[in-house]
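Listed here are the chains, written in short residue letters.
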Amino acid sequence: MDDMTLLVDLHRPSPRLGPGSDEQTRRALDLSGLRGRTDLRVADLGCGTGASSLVLAEDLDAHITAVDLFPEFLAELERRADALGVRAAITTVAASMDELPFEPSSLDAIWSEGAIYNIGFATGVAAWRHYLKPGGVLAVSEITWLTADPPAELREHWTAEYPEVGPASAKLAALEGHGYTPIGYFPLPVSSWLDRYYRPLQARFPSFLEQHAMNVNIVVARFGILPSR
Ligand code: SAH
């Protein structure tokens with residue numbers, strides 16, 4: 001198994017594959033003005049196993065196209081949608097968020113939680129706007145400084161990992177620069193990281209390690225034979 005397959009397998013059982021919660025998705029929905037409208041076309045980009053798609057399908061009169069690179073995540077999304085009784089409202093598409101299969105001006109809303117960083121915030125919002133109808137809504141979550149003066153160690157780490165990291169004001173300015181009118185934003189509570197993302201992932205470690213013990217042994221064996229070559 002390659003690293004990516006292992007990463008997918010580690011994450012698949014979790015409720016979310018990034019920070020967020022159903023409650024916070026609903027809070028963004030409240031801001032969006034989409035509630036009460038009918039026959040909406042919505043895309044969830046980097047949908048993973050469907051954390052936000054499922055809430056959107058439950059709360060909106062909408063058809064949701066859920067897009068992710070990994071078919072294994074989409075299969076899990078379909079299973080969860082079946083269980084919730086919202087399968088008919090969702091179409092899954094295995095595609096990259098920078099090569100989307102949508103017509104220009106065809107979507108009422110684009111949703112993307114914990115995923116736009118894969119192509120970068122500025123690149124994403126610039127590319128995606130073309131798929132929105134006039135007045136269409138973008139809801140996106142993004143790693144963001146909550147203070148002007150974060151600890152040096154954290155600033156160094158994140159600037160190296162994701163040079164676009166910045167405060168919310170920079171993200172709002174980027175949105176305005178690309179023709180959007182910000183409706184509002186809110187920081188995710190700490191529980192959205194710990195309770196919905198990190199702790200479920202941590203709970204999966206023992207079964208994951210047991211399941212893949214073979215892979216770990218093979219890696220160790222390879223290291224073991226190197227010096228005698
Ligand atoms: N929105 C989900 C998943 C967030 S994790 C949630 O909140 O739980 C980020 C997701 O982006 C993963 O599912 C990953 O497979 C997907 N992804 C990464 N690069 C991508 C790309 N280029 N195109 C589409 N999806 C991508």
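Every chain begins its residue count from 1, and numbering advances along the sequence as written. Restriction of local features to residues with pLDDT of at least 70 applies here, the model being predicted, together with a cutoff of 80 or more for giving and counting side-chain atom pairs; totals for whole chains, interfaces and linings are based on all residues. Note: side-chain values were computed over all heavy atoms of the structure, leaving out hydrogens and water.

Q: How should the overall build of the chain be read in this particular structure?
A: Going along the chain from the N terminus, every DSSP run of H or I of four or more residues is numbered as a helix, and every run of E of two or more is numbered as a strand. Along its length, the chain carries 9 helices and 7 strands. As a reference, a globule follows 2.2 Å times the number of residues to the power 0.38, and the radius of gyration itself is taken over C-alpha atoms. A compact globule built from 229 residues should have a C-alpha radius of gyration of about 17 Å, and the chain, at 19 Å, falls within 12% of that. Structurally, the chain occupies a C-alpha span of about 65 × 45 × 30 Å along its principal axes. Counting only residues that meet the buried cut, the chain has 41% of its 229 residues in that class. Two residues qualify as a contact provided that any one of their heavy atoms is within 4.5 Å of a heavy atom in the partner residue. Within the chain, contacts between residues separated by at least 24 positions form 71% of all contacts whose residues are at least 6 apart in sequence. Per-residue accessibility takes into account occlusion by the displayed protein chains alone, with areas from the Shrake-Rupley method and a 1.4 Å probe. Carbon together with sulfur atoms contributes 56% to the accessible area of the chain, which is approximately 12700 Å² in total. Positive charges come from Lys and Arg, negative ones from Asp and Glu, while His and the chain ends are left out of the count. To locate a charge, take atom NZ for lysine, CZ for arginine, CG for aspartate or CD for glutamate. Where the 19 positive side-chain charges of the chain centre and where its 30 negative ones centre are 2 Å apart. Throughout this description, buried means an accessible area under 20% of the type-specific maximum (1.4 Å probe, protein chains only), exposed means over 50%, and partly exposed covers the range between.

Q: Is there a simple way to explain the environment of Phe208 in this structure?
A: Of note, Phe208 is situated in helix α8 (residues 190–211). As for Phe208 and Leu10, which are separated by 198 residues in sequence, their C-alpha atoms are 6.4 Å apart. Filtering out sequence-adjacent residues up to four positions away, Phe208 remains in contact with Leu6, Asp9 and Leu10.

Q: Explain the nonpolar core to me, please; I cannot follow it from the model alone.
A: Note that soluble globular proteins tend to have their nonpolar side chains buried in a common cluster. With 25 residues, the main nonpolar core has Leu34 and Ile90 as its most contacted residues. At the level of secondary structure, the elements contributing two or more residues to this core comprise α2 (22–32), β1 (40–45), α3 (51–59), β2 (62–68), α4 (71–84), β4 (107–112) and β5 (132–140). Take this core: its biggest share by element is 4 residues, from α3. Leaving out residues up to four positions away in the same chain, Ile90 has contacts with Ser53, Leu54, Ala57, His63, Ile64, Ala66, Leu77 and Ala81. Only buried residues count toward a nonpolar core, which is a set of Ala, Val, Leu, Ile, Met, Phe, Trp, Tyr and Cys residues joined through side-chain atoms within 4.5 Å. Among the nonpolar cores identified, the runner-up in size contains 23 residues, and Ile119, Phe121, Val165 and Tyr180 belong to it.

Q: Looking at this structure, I do not really get the sheet that holds strand β3 (residues 90–94). What am I missing?
A: Sheets are built from strands that pair by backbone hydrogen bonding, the pairs being arranged parallel or antiparallel. Strands are treated as partners if at least two bridges between them are detected by DSSP. One open sheet holds the 5 strands; their spatial order is β3-β2-β1-β4-β5, and the pairing between them is parallel. The sheet terminates laterally at β3 and β5, the two strands that pair on one side only. Mean inter-strand twist for the sheet, computed between neighbouring axes without regard to direction, equals 20°. In this structure, β2 lies alongside β3, joined through 5 bridges in parallel fashion. Lines fitted to the C-alpha atoms define the axes, with helices restricted to the stretch that makes contact. Angles between their N-to-C directions range from 0 to 180 degrees.

Q: Just checking my understanding: could you explain the environment of His212 for this structure?
A: Secondary-structure assignment places His212 in the loop between α8 and α9 (213–225). The spacing of His212 and His130 is 82 residues in sequence and 43 Å in space, taken between C-alpha atoms. Residue contacts for His212: discarding those within four places in its chain leaves Met1, Leu6 and Asp9. A polar atom in the side chain of His212 sits 2.6 Å from the side chain of Asp9. Here a polar contact is recorded for every N or O atom pair within 3.5 Å, except that within protein the pair must consist of a potential hydrogen donor and a potential acceptor, and residues adjacent in sequence are included only if both atoms are side-chain atoms.

Q: I tried to follow the site of the ligand on my own but got confused; where do I start?
A: What surrounds the ligand is a group of 18 residues, the closest being Leu17, Gly46, Asp68, Met97 and Glu113. A distance of 3.4 Å separates a nitrogen atom of the ligand from a polar atom in the backbone of Leu69. Between the ligand and the protein, one listed contact pairs a nitrogen atom with a side-chain N or O atom of Ser96 at 3.0 Å. When the ligand sits alone it has 570 Å² of accessible area, and the protein chains cover 91% of it. The cutoff for a nearby residue is simple: one of its non-hydrogen atoms must lie within 4 Å of the molecule or strand.

Q: I keep staring at the packing of α2 against α3 and nothing clicks. Help me out?
A: Packed helices, taken two at a time, are described by their axes: the angle between them and the distance between them. It is the contact of α2 with α3, at a shortest axis distance of 10 Å, that shows an interaxial angle of 55°. As summarised for this structure, α2 and α3 are arranged oblique, according to the angle between their axes. Of the two possible hands of crossing, α2 and α3 adopt the one that is right-handed. Of the residues in α3, those touching α2 at Asp22, Thr25, Arg26 and Leu29 are Ala51, Ser52, Val55, Leu56, Glu58 and Asp59. Partitioned by chemical class, the residues of the contact of α2 with α3 number 4 nonpolar, 2 polar and 4 charged. Orientation categories follow fixed angle ranges, with anything under 35 degrees roughly parallel, anything over 145 roughly antiparallel, 65 to 115 roughly perpendicular, and all other angles oblique. Crossings are assigned a handedness: left-handed for a near helix turned anticlockwise from the far helix by less than a right angle, right-handed for a clockwise turn. Polar here means any residue other than Ala, Val, Leu, Ile, Met, Phe, Trp, Tyr, Cys and Pro, which are nonpolar, and Asp, Glu, Lys and Arg, which are charged; Gly is therefore polar.

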